[in-house]
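# Observations on the three-dimensional arrangement
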Amino acid sequence: GNLGHRVDAPAEDELALLVGAFNEMSGKLEESSAEIRERRRYIETVLDSLPTGVVSLDADGRVTTINRAAVRMLKLETADFKGLELATMLGDENRRVIETLVSRARRIGHASDQTQLRPENEASIDAVEIPVAITATALENEAGAVVVIEDLSELIAAQRASAWQEVARRMAHEIKNPLTPIQLSAERIAKRFAESNGTADDIHTTDGQTVKVIRDGTSTIIREVQSLKTMVDEFSRFARLPNAKPQPGDLNELIRQAAAMYEGRGGDARLEVELAAGLPPTMLDAEQIKRVFVNLIENAYEAFEEQGGENLIRVTTRFEPARDIIVAEVTDNGKGIQPADLQRLFQPYFSTKGRGTGLGLAIVQRIISEHGGKIIAAVNKPNGSRFIIELPIVN
């Protein structure tokens, strides 16, 4: 196995030719071995950096290679999986799906399906179903197979957001038109009734019960129409959010301005701001980014229930030079978010509060996306919620 060895001995005739041929063969084998090692390192590096999961199996269903994305999506423990049977590492439902695809691929060469990868431990804080597209391909001249797993979460979320934008646009158009005449009519009735009957103590032509019904009815109509207008305005903003006009700016300063709106709010929760010094500039639309942090801080205030201990909201920033990004986090120690809701949190019209339009976080995600960044919702240990915003710095 020592490919660097060379024969260095005096020889003549056929023996000299044999020594020369041996040394030449050793040299070529050494070069080939080095090239194979380099190529293998390159392939392993590429596989590990892919966002798509890749698992290769031998004829017995044992893992020969598995990349980091597959480990994450299959919720496997971080260990050396080489030589282990994939079936022994998965839960029953995930195992059945992959075994069926691999079996079909071995018969016909190729098989694919879309499904949900389910967490083994439902009580775990990251117990979230992942929508995936799985493809299995049989290896030629071998009984093994390659399984490719693609996470469809972002694609599905983008499709839903696009569909909801169209729904929001149509709702805003269809609902808002009749609201104004309804409100004006109710206001005219209330005004005309007040002019003809005077105050409640000076009513002769209408009995007290009728007065109460008319006044309460018109008041309710006006109030509810205003509520509907607010909801429709929210849908309009989501459907036609102004295009971001980012300019180089200081994220810390915008966070300070957003936090200043909550000074003296009261004793229901304490807002704590810890901003890293010397943050590099990033491209920001000031008004839209302030809206992001106001929305997240407002949601954090509403996350607290009657509980013991101190209610705390923290806003922090930091610079990660390895990735050339600024990271801002908004955390609270409130009631938190159910793990099953984390994937749906940024979907339009989804709300954990049981009221409102459910468009606040959808708008937040859209703003961050238009700034070239991303926002992630997570569980805050030991309790509460955590929103992580990543924004690229100015090159």
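My aim in this report is to walk through the structure given alongside it, one point at a time. (Residues numbered from 1 in each chain as written. Predicted model: local features only at pLDDT ≥ 70, side-chain atom pairs only at ≥ 80, totals over all residues. Heavy atoms only, no water.)

## A few points about the side chain of H371
Using the following cut-off: A run of H or I in DSSP counts as a helix once it spans at least four residues, and a run of E counts as a strand once it spans at least two, with each numbered from the N terminus. Under this definition, polar contacts are N or O atom pairs within 3.5 Å; protein pairs additionally need one hydrogen-donor-capable and one acceptor-capable atom, and for neighbouring residues in sequence, both atoms have to be side-chain atoms. In what follows, residue pairs with any heavy atoms lying within 4.5 Å of each other are defined as contacts.
The residue H371 is located in the loop between helix 9 (360-370) and strand 11 (374-379) in this model. Engagement of the side chain of H371 in a polar contact is seen with the backbone nitrogen of D285, the distance being 2.9 Å. Excluding residues within four positions of it along the chain, H371 makes contact with A244, P246, M283, L284, D285, Q288, I289, L391 and P392.

## Re the pattern of salt bridges
Worth spelling out the cut-off: A pairing counts as a salt bridge when a side-chain nitrogen of Lys or Arg comes within 4 Å of a carboxyl oxygen of Asp or Glu. Burial classes: relative accessible area under 20% of the type maximum marks a residue as buried, over 50% as exposed, and values in between as partly exposed (1.4 Å probe, protein chains only).
If you walk through the whole model with that rule in mind, you get 18 salt bridges. Two residues, R39 and E35, come together in a salt bridge whose shortest N-O distance is 3.0 Å. Here the residue R39 and the residue E35 both occupy positions in helix 1 (residues 13-49), the gap between them amounting to 4 residues, near one helical turn. Judged by its relative accessible area of 52%, R39 is exposed. In this structure, R366 engages E370 in a salt bridge whose closest nitrogen and oxygen atoms are separated by 3.7 Å. Of this pair, R366 and E370 both sit in helix 9, 4 residues apart, roughly one helical turn. Given the relative accessible area of 18%, R366 is considered buried.

## A word on a nonpolar patch on the surface
The condition is simple: Patches draw on residues past 30% relative accessible area with no salt bridge. Two like charges within 9 Å are joined, as are two nonpolar side chains (Val, Leu, Ile, Met, Phe, Trp, Tyr) within 5 Å. Each accessible area is a Shrake-Rupley result for a 1.4 Å probe, and residues are judged covered by the shown protein chains and nothing else.
Residues Y42, I43, V46 and L50 make up a contiguous nonpolar surface patch of roughly 360 Å² in combined accessible area. Mapped onto the fold, Y42 is located in helix 1. Y42 sits in the exposed class, given a relative accessible area of 57%.

## Some details on the pairing of strand 12 (residues 385-392)
What counts here: Each pair of strands is called paired provided DSSP finds at least two bridges between the two strands.
Burial of strand 12 is extensive: 6 of the 8 residues sit out of reach of the surface. The pairing of strand 11 with strand 12 spans 6 bridges and is antiparallel. Within the sheet, the bridge partner assigned to V379 lies in strand 12 and is S385. A loop of 5 residues connects strand 11 with strand 12, the two strands running antiparallel in sequence, and G384 in this loop sits at a positive phi of about 110°.

These figures capture arrangement, not role.
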